[in-house]
Amino acid sequence: MYVAVKGGEAAIANAHALLADRRRGDRAVPALRIDQIVEQLGLAVDRAMGEGSLYDKELAALALVQARGDLIEAIFLVRAYRTTLPRFGYSQPIETGEMLIERRISATFKDLPGGQMLGPTFDYTHRLLDPSIVDGAVPEPVTREADTAQAPRVTDMLGRQGLMEPDGETDPDREVGDLTREPLDFPLDRDLRLQALARGDEGFLLALGYSTQRGYGRSHPFVGEIRIGEVDVEFDVPELGFTVNLGRVRVTECQMVNQFKGSAKVPPQFTRGYGLVFGQAERKAMAMSLVDRALRAREFGEDIVAPAQDEEFVISHSDNVQATGFVEHLKLPHYVDFQAELDLIRRMRADHDAAEMQEAAE
Amino acid sequence: MDSVLDGGFAEPVMQSQTAFRAIMDALANPGTIRDLVTSKPIGGLSAELASVMLILADHDTSIWLDDALRGDAAVLEFLSFHTGAPVVRAPGAAVFAGASSASQLPAFAQFNLGTQEYPDRSTTIVLAVPALSGGETLITRGPGIKGHGHINPVGLPKDFVVQWADNRELFPRGIDLLLAADGQVMGLPRSTRISEGH
Amino acid sequence: MNAVAQYNFAYLDEQTKRMIRRAILKAIAIPGYQVPFSSREMPMPYGWGTGGVQVTASIIGPQDVLKVIDQGADDTTNAVSIRAFFAKVAQVETTTHTAEATIIQTRHRIPEKALGQGQILVYQVPIPEPLRFLEPRETETRKMHALEEYGLMHVKLYEDIARHGRIATTYAYPVKVEGRYVMDPSPTPKFDNPKMHMSEALQLFGAGREHRIYAVPPHTEVVSLDFEDHPFEIQHFEEPCALCGASQVYLDEVILDDRGGHMYVCSDTDNCEERRAAGHVGALGADPMEAAE
């Protein structure tokens, strides 16, 4: 008597129990605390917040532990939580020109109002493994008070001379696009595209940005400015008739300055690629600004010849939660479909063998 | 009616679900009559129309109202408070249209008929009628109908059969129609063919 | 930190349900047309049934009885997981019996037993666009549907015939709904296609990752694409089910050893169990008690 395999329920429960065990690891080792992760794995927390589209360090840190450090799994956990939250409205645009700056560099000007500030960067560190960081004492860093009024954005300075395309005017009555609320409809407006890129997978955008540097959609980019720091988030409450300050968030902004030769209507000027990400996420912001500029090819009448310029291709595949789900779904049972294919292959082989027999006989 | 707070569902989650299933079944089985969960009439807005708007409309859906309803402050307050849906004047801009009687209803073709690429971006008209049966018998055919069916609602627009045929001709574009009376609803999606006869 | 949220009935918030419900109504009104909807992140991965789960969550109520199948079986891991999800967030009664269910959520199969009036079959759909593998761009396929330009699909099927002597599509076999839209039936084996035609049940399709919902109302014409000289035909199995002896049903091949030994058993586990309970016995399905005697 053949007994079909049963017990999916018990198997799932047991697998989850084993996962919990492996997640905790050796019980003799102290369990990670959320505050340790927030403080000491801050960039992982920032990535989970950025691609998870939810600014909450503790929740992102919890997601990281729950995901055993798997970043995409953590991003997924944050997203799945975010989607259940009530929506009160959209904040006012943040003003990065008034940022409390911790890092600010420009590759286009040697010196500029507000100066260059290196901030907490890996740049110029020698990548030598250093066991002393584990328990060595860390001296207090040298700091100075941020001076907001003194650091205008590089793009604004270029803009005043007419050398940089304007930021673009938006109809104040137009509601901002939101891909978490409306299905995407290609071609996209830039606000939706930037939202998709800000949520997009860092690795995917990095590779696409890189490809534009190697000739697949070249755009002659210069880092006009990267700035990292805190900005106020303000919310307009119509019932109250004024704007309330909801708090501050840390963001990374990258403005890429790109060549544009001009057209019949527009004089030669620089064009922008824009990147803005939650937390400290410089690589992501830079990749985003490269891809943003590449995706503006249609707007500038440039030939669309490279993957990074192909909006439908880039945006449809940039979301790592969607991508991982669909790739990983291949491990779900497919035996019904496989049976159908098996049957077809067998029949085709039988036809093939019969034809060969016939040939041999003739 | 004392307050705009009145007229909502007492148990919105469960009542919306039950009422939605009635509307879904009505559209999936065109011409059949389904019991709707209703609260109460709001000014000139029948309890059935109020119920459909509560279930389906919100900030993201514009509503067109006929002159009688749009001139009724209680109706506007109710819709604004309970659904948040913006009320529009142009029938072509409406996701939902509410009409208190057929005489108040512009031609179907004046509403949003959707596009060939996006036929779903069309208006769903919700029309209050005196009764869902007892009127002239019409024959229905199409998806959701086994063979053919009969409907006989009272109070359809005068040239309904001709207008409907024109609407059907536009398929996949076209409006969808919900008729409501006596705590019940009947669905006529654009896919239904309607002819006179017995 | 207070991360433990109070979830709404059936998980989704009411605003999301309204949005999905509106999409379902449009889908019913335009059979076979894919309605875009703003799919939400669900607590299970994209590609694992989030579209079906969102559709079910938007229609289900306490009066419903839910059945969930994957590959035709109620006890496959993903079916178990989704059933447990709804038992938890919607407190609904669940069943494995096809006839008792008011809503059946499925991945890759249509139950063998004909569905009846009032039943709803919710399909989980990975790629809703039947033209996607011929034309990867949504902007293009949308135009093709708008213009009813389905020549490319026929060309593809005909190329199969030229190359293989038969249409080599065995699952996700395209259908035409009410003579208008070409539709992907989801990756069900083509064996199940005829069950969609004039079904008494309402069929709803949810594709979460691809943000599409579509529908086939009851009593609706669903025709598998074919050619006069190569008519559509379904799979046939050489042997009946080894457990219940059923033929004319879809079977899974089970490998018994590494020497080519195999047998076929029903893919629809509920149908198989009911048949065995009614006394039908296949070659390997003898009751162990009786066999011992």
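Residues numbered from 1 in each chain as written. Chains lettered and ligands numbered in written order. Predicted model: local features only at pLDDT ≥ 70, side-chain atom pairs only at ≥ 80, totals over all residues. Heavy atoms only, no water.

Chain C appears in an unreviewed UniProt entry as Alpha-D-ribose 1-methylphosphonate 5-phosphate C-P lyase from Devosia limi DSM 17137. Recorded under Sequence similarities (unreviewed entry), the UniProt text for chain C is reproduced unchanged: "Belongs to the PhnJ family." On record in UniProt, under Catalytic activity (unreviewed entry), the comment for chain C is "alpha-D-ribose 1-methylphosphonate 5-phosphate + AH2 + S-adenosyl-L-methionine = alpha-D-ribose 1,2-cyclic phosphate 5-phosphate + methane + 5'-deoxyadenosine + L-methionine + A + H(+)". (UniProt positions renumbered as here; feature names shortened; annotations may be inferred.)

In the annotation of an unreviewed UniProt entry, the entry for chain A reads Alpha-D-ribose 1-methylphosphonate 5-triphosphate synthase subunit PhnI, and the organism field reads Devosia limi DSM 17137.

Asks: Explain helix α3 (residues 77-89) of chain C here, please?
Replies: Given 3.6 residues to a turn, an α-helix orients residues that are three or four positions apart in the same direction. The terminal C-alpha atoms of α3 of chain C lie 18 Å apart, and with 13 residues this matches the ideal 18 Å at 1.5 Å per residue to within 8%. By the burial criterion, the buried members of α3 of chain C are N78, A79, V80, I82, R83, F85, F86 and V89 of chain C. Of the surrounding elements, those touching the buried residues of α3 of chain C are α1 (8-24) of chain A together with α2 (50-59), β2 (65-70), β3 (93-94), β4 (103-107) and β5 (120-124) of chain C. The positive-phi residue at the C-terminal boundary of α3 of chain C is Q91 of chain C, with phi of around 45°. (Helix = DSSP H or I, 4+ residues; strand = E, 2+ residues; numbered from the N terminus. Expected span 1.5 Å × (residues − 1). Buried < 20%, exposed > 50% of the residue type's maximum accessible area, 1.4 Å probe, protein only. Contact = heavy atoms within 4.5 Å.)

Asks: Mind showing me how you'd approach the interface of chain B and chain C here?
Replies: Many structure descriptions define interface size as the accessible area lost when the parts assemble. Contact residues are listed per partner, giving 39 residues for chain B and 41 residues for chain C. Counting each side, the surface lost to burial between chain B and chain C is near 3,200 Å², with a carbon and sulfur contribution of 62%. Run the count over chain B and chain C and you get four salt bridges. One salt bridge in this structure joins D58 of chain B and R22 of chain C, with 3.3 Å as the shortest N-O distance. For the pair chain B and chain C, the interface holds 15 residue pairs in polar contact (both at pLDDT 80 or more). Ranked by residue count, the leading element in the side of chain B that touches chain C is helix α1 (residues 12-28) of chain B, at eleven residues. Looking at the side of chain B that touches chain C, its residues break down into 20 nonpolar, eleven polar and eight charged. (Buried area = accessible area lost by both parts, 1.4 Å probe. Salt bridge = Lys/Arg side-chain N within 4 Å of Asp/Glu carboxyl O. Polar contact = N/O pair within 3.5 Å; in protein donor to acceptor, adjacent residues only side chain to side chain. Nonpolar A, V, L, I, M, F, W, Y, C, P; charged D, E, K, R; others polar.)

Asks: Teacher, can you tell me more about the pattern of salt bridges here?
Replies: Pairing is possible between side chains that carry opposite charge, provided their charged atoms lie close to one another. Counted under the stated rule, the structure contains 61 salt bridges over all chains. A salt bridge links R153 of chain A to D156 of chain A, with the shortest nitrogen-to-oxygen separation between them at 3.1 Å. Here R153 of chain A falls in the buried class, since its relative accessible area comes to 14%. Take D156 of chain A: its relative accessible area is 26%, and that puts it in the partly exposed class. Residues R132 of chain C and E138 of chain C are paired through a salt bridge, measuring 2.8 Å at the closest nitrogen-oxygen approach. With relative accessibility at 14%, the residue R132 of chain C sits in the buried group. Here the salt bridges do not stand alone but share partners, grouping E102, E230, D232, R248 and R250 of chain A into one network.

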